[in-house]
Amino acid sequence: MPHSVLDWAFVLAQTTNMQPLNFAILGPGGIADDQHAPAIKRHPDAVLWSVLSRSPERGLHFANKHGLSAPQPCFSSLDELSADPLLDAVVIATPDRLHAEQVIACARAGKHVLLEKPMATSLAECDAMIRACSENKVTLALAYHLRWHAGHRMVRTRIQEGALGVLRHMRVHWTFAAKDGTNWRSSPETGRWWSLAANGTHCLDLIRWFMIPTEGEIIEVKTLTSNSKFQSPHDETSIVALLFESGATAEICVSVQFESDSRIEVYGDTGSVRMEATMGRHGQGDIYINKEPFPFEPVSPFTGELNNFIECVRNGAQPEVGQLEGKRNVEILLQSIHSSGSDSYPQP
Ligand SMILES: NC(=O)c1ccc[n+]([C@@H]2O[C@H](COP(=O)([O-])OP(=O)(O)OC[C@H]3O[C@@H](n4cnc5c(N)ncnc54)[C@H](OP(=O)(O)O)[C@@H]3O)[C@@H](O)[C@H]2O)c1
């Protein structure tokens with residue numbers, strides 16, 4: 001009897017006798033090297049096939065390190081990479097401002113896309129991406145891996161079953177200390193947000209995932225930002241307040257100015273949940289329901305995320321986080337910087 005998502009994927013691949021999907025990675029940087037490449041290598045229905053890098057040396061280093069399988073695995077041109085008829089899907093892990101152009105090019109080449117967050121930096125870009133994917137019948141999934149944290153999933157089910165009574169408030173705190181102000185997220189050429197894109201978009205996704213089924217849509221967004229440490233054109237600390245249709249509220253505190261442990265709190269009429277240090281990449285941390293420890297088995301959230309993507313490519317289902325949810329997340333990030341008056345690229 002299969003136990004894990006990978007066991008099930010293995011059984012499916014065996015029984016259906018399908019060829020595994022060949023994956024390319026666009027952007028062999030931090031998250032691709034640390035999480036996406038190992039997750040693809042582990043998956044029985046995926047092959048790590050090729051890579052796009054602006055630098056042939058970086059591409060080759062990545063190909064050698066992770067054992068890429070294509071006869072010619074390294075590309076500096078997206079047109080050439082995506083012309084490969086044996087390539088099925090791409091993971092896009094490049095700076096936020098590159099997402100739209102790259103997704104549209106991959107969709108036109110018929111490649112399915114697992115896209116790092118946030119989806120894009122404007123709503124017009126999101127619409128163009130959605131159109132390209134729909135016209136070319138390819139799957140577009142957003143990589144909000146924290147939905148695949150085993151503890152988060154179990155707690156959310158308990159909350160949906162009424163464990164906390166009527167939900168009233170959710171708070172998510174997640175910060176880190178950037179070493180200086182040179183990150184691409186702090187440049188208007190490559191990003192539009194910093195703290196909001198690095199961490200805030202994940203916090204927002206979790207809040208939407210936990211609250212919307214019972215509390216309705218977010219109807220008001222108010223945000224304060226600060227760039228007092230690096231004088232970045234973009235937000236270094238953001239405090240976001242959210243109001244739901246039901247009257248429930250939520251708040252996000254994200255920053256690249258200081259280090260702290262992440263914390264999620266959910267409050268209802270009859271109980272509360274606290275999740276300490278669960279917001280990283282490895283599916284770990286501690287969870288308490290009504291102050292009692294809540295056990296869960298840590299698993300890599302990137303495995304569940306990839307598995308969901310592959311299932312959707314295989315059977316045409318909607319991904320856990322699809323393109324419309326990706327666009328709505330961007331819309332709220334835009335409302336945040338507009339309400340704080342800190343948008344470096346005001347939209348018409
Ligand atoms: N899910 C998560 O927890 C998580 C965590 C971190 C990041 N992310 C997301 O993943 C994406 C990549 O973030 P990252 O932290 O991995 O960034 P990173 O380490 O800087 O890597 C980005 C890669 O994109 C390529 N690139 C192409 N054009 C670039 C440009 N103009 N400037 C900088 N790099 C460029 C670079 O590879 P070459 O130079 O070799 O072309 C670089 O290695 C972003 O969308 C980010 O929000 C998600």
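The present account deals with the structure reproduced in this document. Please read all numbers here as calculations on a predicted model, not as lab measurements. (Residues numbered from 1 in each chain as written. Predicted model: local features only at pLDDT ≥ 70, side-chain atom pairs only at ≥ 80, totals over all residues. Heavy atoms only, no water.)

## Re the overall build of the protein
The secondary structure content of the protein amounts to ten helices and 14 strands. The C-alpha radius of gyration of the protein comes to 20 Å, within 12% of the 20 Å expected for a compact globule of 348 residues. With the principal axes as the frame, the protein shows a C-alpha extent of 55 × 50 × 35 Å. Burial analysis of the protein (348 residues in total) assigns 55% to the buried set. Across the protein, contacts joining residues at least 24 apart in sequence account for 71% of those joining residues at least 6 apart. About 15,000 Å² of surface is accessible on the protein, with carbon and sulfur atoms providing 52% of the total. With 30 positive and 40 negative side-chain charges, the protein shows a separation of 1 Å between the mean positions of the two kinds. (Helix = DSSP H or I, 4+ residues; strand = E, 2+ residues; numbered from the N terminus. Rg over C-alpha atoms; globule rule 2.2 N^0.38 Å. Buried < 20%, exposed > 50% of the residue type's maximum accessible area, 1.4 Å probe, protein only. Contact = heavy atoms within 4.5 Å. Areas by Shrake-Rupley, 256 points an atom, 1.4 Å probe, with all protein chains shown as cover. Lys, Arg positive; Asp, Glu negative; His and termini not counted. Charge placed at Lys NZ, Arg CZ, Asp CG, Glu CD.)

## Considerations on helix α10 (residues 323–340)
With 18 residues, α10 should reach 26 Å at 1.5 Å per residue; the first-to-last C-alpha distance of 26 Å fits that figure. Among the residues making up α10, those that are buried are Gln323, Gly326, Arg328, Asn329, Val330, Ile332, Leu333, Leu334, Ser336 and Ile337. Contacts made by the buried residues of α10 are with α6 (123–135), β6 (140–142), α8 (195–215), β8 (218–226) and β9 (237–244). Within two residues after α10, Gly341 carries a phi angle of roughly 70 degrees, on the positive side. (Expected span 1.5 Å × (residues − 1).)

## Regarding the packing of helix α7 (residues 150–160) against α8
Two quantities define a packed helix pair, namely the angle between the helix axes and the distance between the axes. Between α7 and α8, the shortest axis-to-axis distance is 9 Å and the interhelical angle comes to 20 degrees. The angle between the axes of α7 and α8 places the two elements in the roughly parallel class. Two packed elements cross with a definite hand, and for α7 against α8 that hand is right-handed. Contacts from His152, Arg153, Val155, Arg156, Ile159 and Gln160 in α7 reach Leu206, Trp209, Phe210 and Pro213 in α8. Considered class by class, the residues forming the contact of α7 with α8 number six nonpolar, two polar and two charged. (Axes fitted to C-alpha atoms, helices over the stretch in contact; angles between N-to-C directions. Parallel < 35°, antiparallel > 145°, perpendicular 65-115°, else oblique. Left-handed = near helix turned anticlockwise from the far one by under 90°. Nonpolar A, V, L, I, M, F, W, Y, C, P; charged D, E, K, R; others polar.)

## Focus on the site of the ligand
Looking at the ligand, there are 23 residues lining it, with Gly30, Ser53, Arg54, Arg58 and Lys117 nearest. The side chain of Ser53 places a nitrogen or oxygen atom 2.5 Å from an oxygen atom of the ligand. In this structure, a nitrogen atom belonging to the ligand sits 3.2 Å away from a side-chain N or O atom of Glu116. Coverage of the ligand by the protein amounts to 83% of the 890 Å² it exposes when considered alone. At a threshold of 2 Å from the grid points, most atoms of the ligand map onto the largest pocket. When the residues that make up the shell around the ligand are grouped by side-chain class, the tally is seven nonpolar, nine polar and seven charged. Two domains share the shell around the ligand, each providing at least three of its residues, namely domain 1 (5–144) and domain 2 (146–297 + 323–340). (Near = heavy atom within 4 Å. Polar contact = N/O pair within 3.5 Å; in protein donor to acceptor, adjacent residues only side chain to side chain. 1 Å grid on protein atoms, 1.4 Å probe; cavity = no way out; pocket = protein on both sides within 12 Å on 5 of 7 lines; lining within 4 Å. Sits in = over half its atoms within 2 Å of the grid points. Domains from an automatic or database assignment.)

## As for the layout of surface pockets
In this structure, the largest pocket occupies an estimated 1,200 Å³ of space. At the level of elements, α2 (30–42), α5 (99–108), β7 (167–175) and α8 are the ones that each hand at least two residues to the lining of the largest pocket. It is α8 that provides the largest number of residues to the lining of the largest pocket, a total of four residues. For the lining of the largest pocket, the residue count by class is 19 nonpolar, 19 polar and eleven charged. (Points joined across faces, edges and corners; volume = space filled by probe spheres on them.)

## Notes on the state of the cysteines
For the coordinates displayed, the defined rule picks out zero disulfides. With no disulfide of its own, Cys203 lies 8.8 Å from the sulfur of Cys253, the closest cysteine sulfur. Looking at Cys203, the relative accessible area reads 0%, which means it is buried. (Disulfide = S-S within 2.5 Å.)

## Remarks on the sheet that holds strand β11 (residues 263–268)
Strands sit in the order β8-β9-β10-β7-β11-β12-β13-β14 across an open sheet of eight strands; the sheet is mixed. Both edges of this open sheet fall to β8 and β14 (292–293), since each of them pairs with a single strand only. One ladder, built from seven bridges, connects β9 with strand β10 (residues 249–255); its direction is antiparallel. Each residue of the ladder has a partner; that of Ile239, found in β10, is Cys253. (Pairing = 2+ DSSP bridges.)

## Brief notes about the sheet that holds strand β3 (residues 74–75)
A sheet is described by the order of its strands in space; here six strands give the open sequence β3-β2-β1-β4-β5-β6, paired in parallel fashion. This sheet does not close on itself; its edge strands, each paired only once, are β3 and β6. Sheet analysis places strand β4 (residues 89–92) next to strand β5 (residues 112–115), joined by four bridges and oriented parallel. Opposite Val90, over in β5, you have Val113 as the bridge partner.

## Things to note about the environment of Ser55
Inspection of the secondary structure assignment puts Ser55 in the loop between β2 (46–52) and α3 (56–66). A residue is classified by how much of its surface remains accessible, and Ser55, at 11% relative accessible area, is buried. Separated by 21 residues in sequence, Ser55 and Ser76 have C-alpha atoms that sit 6.8 Å apart.

Read these as geometric descriptors, not functional statements.
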